[in-house]
Amino acid sequence: MRLEKCWFCSSTIYPGHGIQFVRNDAKIFRFCRSKCHKNFKMKRNPRKVKWTKAYRRLHGKDMTQDSTFEFERKRNRPERYDRNVAENTLKAIKKIDKVRVDREARHHALRMKGKKAKEQREAAKELEQSIHMVKAPAVLQQEPSLTLPKIKVKVSQQQSDENHAMEE
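Labelled according to an unreviewed UniProt entry, the protein chain appears under the name TRASH domain-containing protein, originating from Vitis rotundifolia. Quoted straight from UniProt, the Sequence similarities (unreviewed entry) entry for the protein chain says "Belongs to the eukaryotic ribosomal protein eL24 family."

Laid out in structure tokens, this is it:
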């Protein structure tokens with residue numbers, strides 16, 4: 001079973017699926033679905049279309065250089081069947097897949113590393129700006145259990161005076 005790659009989005013095309021376009025110079029373009037074919041006909045660049053593999057690799061979203069990609073390349077040279085070689089190849093494929101998954105997980109973890117701290121900073125900043133909408137400062141002073149842990153909030157005197165006047 002021969003699996004092809006889509007020219008536009010680089011996804012796998014299984015036998016009997018997709019569209020094949022042959023240009024006048026006999027260059028063959030294979031597409032996984034009509035979406036890719038239509039984008040090709042509109043002369044869109046896959047590196048500028050956000051959902052393609054080319055875009056993701058170019059902008060650091062996916063791994064680009066990895067030794068495990070060498071094993072995925074197409075080889076057109078036929079080889080004589082040998083049971084031992086086939087057995088060793090299948091074992092190697094399992095190991096290579098495990099290595100690739102681990103590397104992809106590490107790549108993803110590195111990409112998401114700073115996101116959590118950034119979200120916490122943004123949440124603290126938003127809370128600091130609008131704490132008067134959550135609870136009145138007088139209530140926060142009376143019941144310390146209502147305050148959020150580990151976040152220091154500055155409440156100006158002017159706001160607390162206005163809230164105190166509203167309560168009376």
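Engineer: Go over the nonpolar core, please, and point to the residues and values.
Structural biologist: C6, F8, C9, I13, F29, F31, C32, C36, F40 and V49 form the largest nonpolar core, which has 10 residues in total. Those elements that provide at least two residues to this core are β4 (28–31) and α1 (34–41). In contact with C32, other than residues within four places in its own chain, are C6, C9, S11, I13 and G18.

Engineer: Can you tell me about the UniProt feature "domain: TRASH" (unreviewed entry) in the protein chain, naming the residues and giving the values?
Structural biologist: The residues that UniProt annotates with the feature "domain: TRASH" (unreviewed entry) are residues 6–44. In this annotation, residues 6–44 is assigned 21% helix and 26% strand; the end-to-end C-alpha distance for the span is 15 Å.

Engineer: Describe a nonpolar patch on the surface, and please don't skip the residues or the numbers.
Structural biologist: Together, M1, L3 and Y14 line one region of the surface with nonpolar side chains, adding up to about 380 Å² of accessible area. Summarising the element assignment, L3 is placed in the segment before β1 (4–5).

Engineer: Describe unusual backbone geometry, with residues and values.
Structural biologist: Although it is not a glycine, S10 adopts a positive phi angle of roughly 70°. Among the structural elements, S10 can be located in the loop between β1 and β2 (12–13). Overall, the relative accessible area of 26% leaves S10 in the partly exposed class. Unlike most non-glycine residues, K43 shows phi in positive territory, near 60°. On the secondary structure map, K43 appears in the loop between α1 and α2 (53–58).

Engineer: Describe the packing of aromatic side chains, with residues and values.
Structural biologist: Scanning all chains against the criterion turns up seven aromatic pairs. Their ring planes at 40° and their centres at 4.8 Å tell us that F29 and F40 sit as a pair that is tilted. Taken as a pair, F29 in strand β4 and F40 in helix α1 lie far apart in primary sequence, 11 residues in all. Accessibility assignment for this pair places F29 and F40 in one class, buried. Between the NZ or CZ atom of K27 and the centre of the ring of F29, over which it lies, the distance is 4.9 Å.

Engineer: I'd like a description of the side chain of H37, backed by residues and values.
Structural biologist: As for its position among the elements, H37 is in helix α1. Take H37: its relative accessible area is 15%, and that puts it in the buried class. The contacts of H37, once residues within four sequence positions are left out, are I19, F21 and F31.

Engineer: Any chance you could break down the pattern of salt bridges for me, citing the residues and the numbers?
Structural biologist: In the structure shown here, the tally under the stated rule is six salt bridges. In this structure, the salt-bridge partner of R2 is E4, at a minimum N-O distance of 3.3 Å. Residue classification places R2 among the partly exposed positions, given a relative accessible area of 48%. Residue classification places E4 among the buried residues on the basis of a relative accessible area of 16%. Through salt bridges with shared partners, a single ionic network connects R2, E4 and R30.

Reading guide: rules and limits
- For every chain, the first residue of its written sequence is number 1, and the numbers climb from 1 along that sequence.
- The predicted origin of the model limits local features to residues at a pLDDT of at least 70 and limits the giving and counting of side-chain atom pairs to 80 or more, whereas totals for whole chains, interfaces and linings rest on all residues.
- Only heavy atoms go into the side-chain values, all of them from the structure, while hydrogens and water stay out.
- UniProt positions are given in the numbering used here, feature names are shortened, and annotations may be inferred rather than shown by experiment.
- The definition of a nonpolar core used throughout is a set of buried Ala, Val, Leu, Ile, Met, Phe, Trp, Tyr and Cys residues joined through side-chain atoms within 4.5 Å.
- Between buried and exposed lies partly exposed: a residue is buried under 20% and exposed over 50% of the maximum accessible area for its type, with that area taken using a 1.4 Å probe on protein chains only.
- For the purposes of this entry, the term helix denotes a DSSP run of H or I that reaches at least four residues, the term strand denotes a run of E that reaches at least two, and both are numbered from the N terminus.
- Any two residues whose heavy atoms approach within 4.5 Å at even a single point are treated as in contact.
- Exposure above 30% relative accessible area and the lack of any salt bridge qualify a residue for a patch; like charges then connect within 9 Å, and the nonpolar side chains Val, Leu, Ile, Met, Phe, Trp and Tyr within 5 Å.
- All accessibility values rest on the Shrake-Rupley procedure with a 1.4 Å probe; residue burial counts only the protein chains present in the view.
- Salt bridges, as used here, are contacts in which a Lys or Arg side-chain nitrogen is within 4 Å of a carboxyl oxygen on Asp or Glu.
- To pair, rings of Phe, Tyr and Trp, with the six-membered ring standing in for Trp, must have centres within 6.5 Å; the planes then decide the type, stacked if under 30 degrees apart, edge-to-face if over 60, and tilted in the middle.
- By the criterion adopted, a ring carries a charge over it if an Arg CZ or a Lys NZ lies within 6 Å of its centre and within 35 degrees of its normal.

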